[in-house]
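Take a look at the letters that make up each chain.
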Amino acid sequence: MNWEDSSDTADLSATAGGPGDRLVGADADGEDTAVEAALRPKDLDEFVGQEKVREQLDLVLRAARARGATADHVLLSGAPGLGKTTLSMIIAAEMGAPIRITSGPAIQHAGDLAAILSSLQEGEVLFLDEIHRMSRPAEEMLYMAMEDFRVDVIVGKGPGATAIPLELPPFTLVGATTRAGLLPPPLRDRFGFTGHMEFYEPAELERVIHRSARLLDVEIDSAGAAEIAGRSRGTPRIANRLLRRVRDYAQVKADGVITPEIASAALGVYEVDARGLDRLDRAVLQALLKLFGGGPVGLSTLAVAVGEERETVEEVAEPFLVREGLLARTPRGRVATPAAWAHLGLVPPQQGGGPVGSGQQGLFGA
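Keep in mind that this is a model prediction, so the values were computed, not measured.

**Observations concerning the environment of Ala176**
Argument step 1. Relative to the helices and strands, Ala176 is located in strand 6 (residues 172-177).
Argument step 2. Looking at Ala176, the relative accessible area reads 0%, which means it is buried.
Argument step 3. Expressed as a C-alpha distance, the spacing of Ala176 and Lys84, which sit 92 residues apart in the sequence, is 6.4 Å.
Argument step 4. Beyond its immediate stretch of four places on either side in the chain, Ala176 contacts Leu76, Lys84, Phe127, Leu128, Asp129, Glu130 and Ile131.

In structure tokens:
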């Protein structure tokens with residue numbers, strides 16, 4: 001391997017790819033939103049995975065129905081694409097109640113929240129996505145609404161302002177967050193049930209893929225489902241997205257049946273490798289290994305080498321690489337693990353009889 005090839009940086013930058021067009025991104029785009037509506041399970045029995053959360057939530061809902069009361073407020077935390085919105089809809093369905101859906105960023109003033117709360121029906125489920133991004137005044141109003149089913153509407157300004165109490169019908173708030181640590185303790189403590197959504201195991205994703213294939217009228221064998229599941233990053237949303245792209249390839253290039261060979265070839269076209277890494281992930285690893293000998297290297301320097309913004313590397317690429325054990329964040333900078341060298345088929349440069357993992361002296365002879 002030519003370690004001094006000046007074309008490395010240009011090649012890495014050209015293949016990086018922005019976060020907005022990532023096939024393995026966990027955030028939903030317009031197509032995902034439309035398709036997910038048709039693929040979502042309708043009840044807890046049909047919901048795949050999250051066994052502990054599902055069992056605990058089933059007890060909460062059964063007990064509430066037995067008492068003839070509204071269910072306790074529910075907080076669901078976890079990475080995007082794991083089923084938080086789906087569970088909120090299942091909660092409403094299991095309770096036989098309508099559901100109102102909004103998000104934290106949409107509630108910028110206390111009046112916005114008061115308008116939503118005052119229009120709720122008794123027993124209705126209010127799903128508040130990204131609840132940690134709600135404004136502070138609205139958040140403080142929510143405390144009283146959750147605990148006492150009452151809000152105080154302030155009329156007027158200054159010394160003449162008066163608070164008019166507004167009684168609310170009993171309702172169930174389902175909050176979803178990807179950053180549970182950003183929720184203030186007073187808000188977190190008002191939820192009667194908190195469930196943390198874990199990443200899915202490959203066997204669970206295979207069940208998700210088989211179910212989605214039936215709904216999409218796609219023929220797929222077990223090995224083909226396993227091939228897609230292994231590249232889905234433990235996330236059902238990504239699994240369903242990959243399934244749709246493989247379906248397209250199978251219809252155009254083959255007989256429409258998804259086999260492991262077809263799945264592998266299709267995802268090769270979309271540059272998703274056997275471990276679920278895409279162009280951006282591999283570009284980060286290649287820069288870290290080829291240009292910096294495995295690190296440590298600073299985040300800003302690594303981002304420049306890849307041709308991406310610092311935030312893109314830190315927030316889009318690194319979390320999965322760290323979770324897969326391919327990259328480590330250390331006080332001195334980013335460091336590649338032995339698994340990263342093995343995954344890209346590279347041999348670590350030698351320094352003093354051992355691999356370079358703690359510096360760049362082996363590259364530049366310093």
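Read on for the rest.
**As for the packing of helix 12 (residues 279-291) against helix 13 (residues 299-306)**
Argument step 1. Between helix 12 and helix 13, the least distance of the axes is 9 Å, while the angle of their chain directions is 110 degrees. Taken together, helix 12 and helix 13 sit at an angle that is classed as roughly perpendicular. For the pair helix 12 and helix 13, the sense of crossing is right-handed. When helix 12 is examined against helix 13, the residues Leu280, Ala283, Val284, Ala287, Leu288 and Leu291 are found in contact with a partner set consisting of Leu302, Ala305 and Val306.
Argument step 2. Classifying every residue of the contact of helix 12 with helix 13 by side-chain character gives nine nonpolar, no polar and no charged.

**A look at the confidence of the model for the protein chain**
Argument step 1. The predicted model of the protein chain has a mean per-residue pLDDT of 82, with 84% of residues at 70 or higher.
Argument step 2. Below a pLDDT of 50 lies the segment residues 1-20, which in the model reaches 36 contacts outside its immediate sequence neighbourhood of four places, other chains included.
Argument step 3. Considering only residues more than four positions removed or in separate chains, one finds that residues 352-366, a stretch of pLDDT under 50, has 30 contacts.

**Comments concerning unusual backbone geometry**
Argument step 1. Positive phi outside glycine occurs at Glu130, with the angle close to 50 degrees.
Argument step 2. Checked against the element boundaries, Glu130 lands in the loop between strand 3 (125-129) and helix 6 (136-148).
Argument step 3. A positive phi angle, near 60 degrees, is found at Asp217, a position not held by glycine.
Argument step 4. Overall, the relative accessible area of 73% leaves Asp217 in the exposed class.

**Concerning the sheet that holds strand 2 (residues 99-103)**
Argument step 1. The five strands lie next to each other as 2-3-6-1-7, forming an open sheet whose pairing is parallel. The sheet is open, and its two borders are formed by strand 2 and strand 7 (193-196), each paired with just one other strand. Neighbour-to-neighbour, the strand axes of this sheet turn through a mean angle of 15 degrees, independent of strand direction.
Argument step 2. Sheet topology note: the strand 3/strand 6 ladder contains four bridges and is parallel. Its bridge partner being in strand 6, Val125 is matched across the sheet by Thr172.
Argument step 3. Along the sheet, helix 4 (residues 84-95) makes contact with strand 1 (74-77), strand 2, strand 3 and strand 6, crossing strand 3 at roughly 175 degrees.

**Section: the packing of aromatic side chains**
Argument step 1. Summed over the entire model, instances satisfying the criterion amount to one aromatic pair.
Argument step 2. Judged by centre distance (5.5 Å) and plane angle (80 degrees), the ring pair of Phe149 and Phe171 falls under edge-to-face. Linking Phe149 in the loop between helix 6 and strand 4 (150-155) with Phe171 in the loop between strand 5 (162-167) and strand 6, this pair joins segments that are 22 residues apart in sequence.
Argument step 3. Look at Phe171 and you get buried, because its relative accessible area is 1%.
Argument step 4. In this structure, Arg323 packs its charged tip against the face of Phe199, placed 3.6 Å from the ring centre.

**Things to note about the environment of Lys290**
Argument step 1. In this structure, Lys290 sits in helix 12.
Argument step 2. Residue class for Lys290 comes out partly exposed when judged on its relative accessible area of 23%.
Argument step 3. As a C-alpha pair, Lys290 and Pro348 span 58 residues in sequence and 9.3 Å in three-dimensional space.

**A short note on the environment of Ala138**
Argument step 1. Structurally, the position occupied by Ala138 is in helix 6.
Argument step 2. Each C-alpha atom of the pair Ala138 and Ala114 lies 8.3 Å from the other, and the pair is 24 residues apart in sequence.
Argument step 3. In contact with Ala138, other than residues within four places in its own chain, are Ile107, His109, Ala110 and Leu113.

**Some details on helix 8 (residues 202-215)**
Argument step 1. An ideal rise of 1.5 Å per residue puts 20 Å on 14 residues; helix 8 measures up with 20 Å between its terminal C-alpha atoms.
Argument step 2. Of the residues making up helix 8, those classed as buried are Glu204, Leu205, Val208, Ile209, Arg211, Ser212 and Ala213.
Argument step 3. Positive backbone phi, approximately 60 degrees, marks Asp217, located one or two places after helix 8.

**Details of the side chain of Thr235**
Argument step 1. Mapped onto the elements, Thr235 comes out in the loop between helix 9 (222-229) and helix 10 (236-253).
Argument step 2. Thr235 sits in the buried class, given a relative accessible area of 2%.
Argument step 3. Here Arg233 takes part through its backbone oxygen, which lies 3.2 Å from a polar atom of the side chain of Thr235.
Argument step 4. Discounting chain neighbours no more than four positions away, the residues touching Thr235 are Pro80, Gly81, Leu82, Phe199 and Leu205.

Here is what the cut-offs are and how they apply
- Residues numbered from 1 in each chain as written.
- Predicted model: local features only at pLDDT ≥ 70, side-chain atom pairs only at ≥ 80, totals over all residues.
- Heavy atoms only, no water.
- Helix = DSSP H or I, 4+ residues; strand = E, 2+ residues; numbered from the N terminus.
- Buried < 20%, exposed > 50% of the residue type's maximum accessible area, 1.4 Å probe, protein only.
- Contact = heavy atoms within 4.5 Å.
- Axes fitted to C-alpha atoms, helices over the stretch in contact; angles between N-to-C directions.
- Parallel < 35°, antiparallel > 145°, perpendicular 65-115°, else oblique.
- Left-handed = near helix turned anticlockwise from the far one by under 90°.
- Nonpolar A, V, L, I, M, F, W, Y, C, P; charged D, E, K, R; others polar.
- pLDDT = per-residue confidence, 0-100.
- Pairing = 2+ DSSP bridges.
- Phe/Tyr/Trp six-rings, centres within 6.5 Å; stacked < 30°, edge-to-face > 60°.
- Lys NZ or Arg CZ within 6 Å of the ring centre and 35° of its normal.
- Expected span 1.5 Å × (residues − 1).
- Polar contact = N/O pair within 3.5 Å; in protein donor to acceptor, adjacent residues only side chain to side chain.

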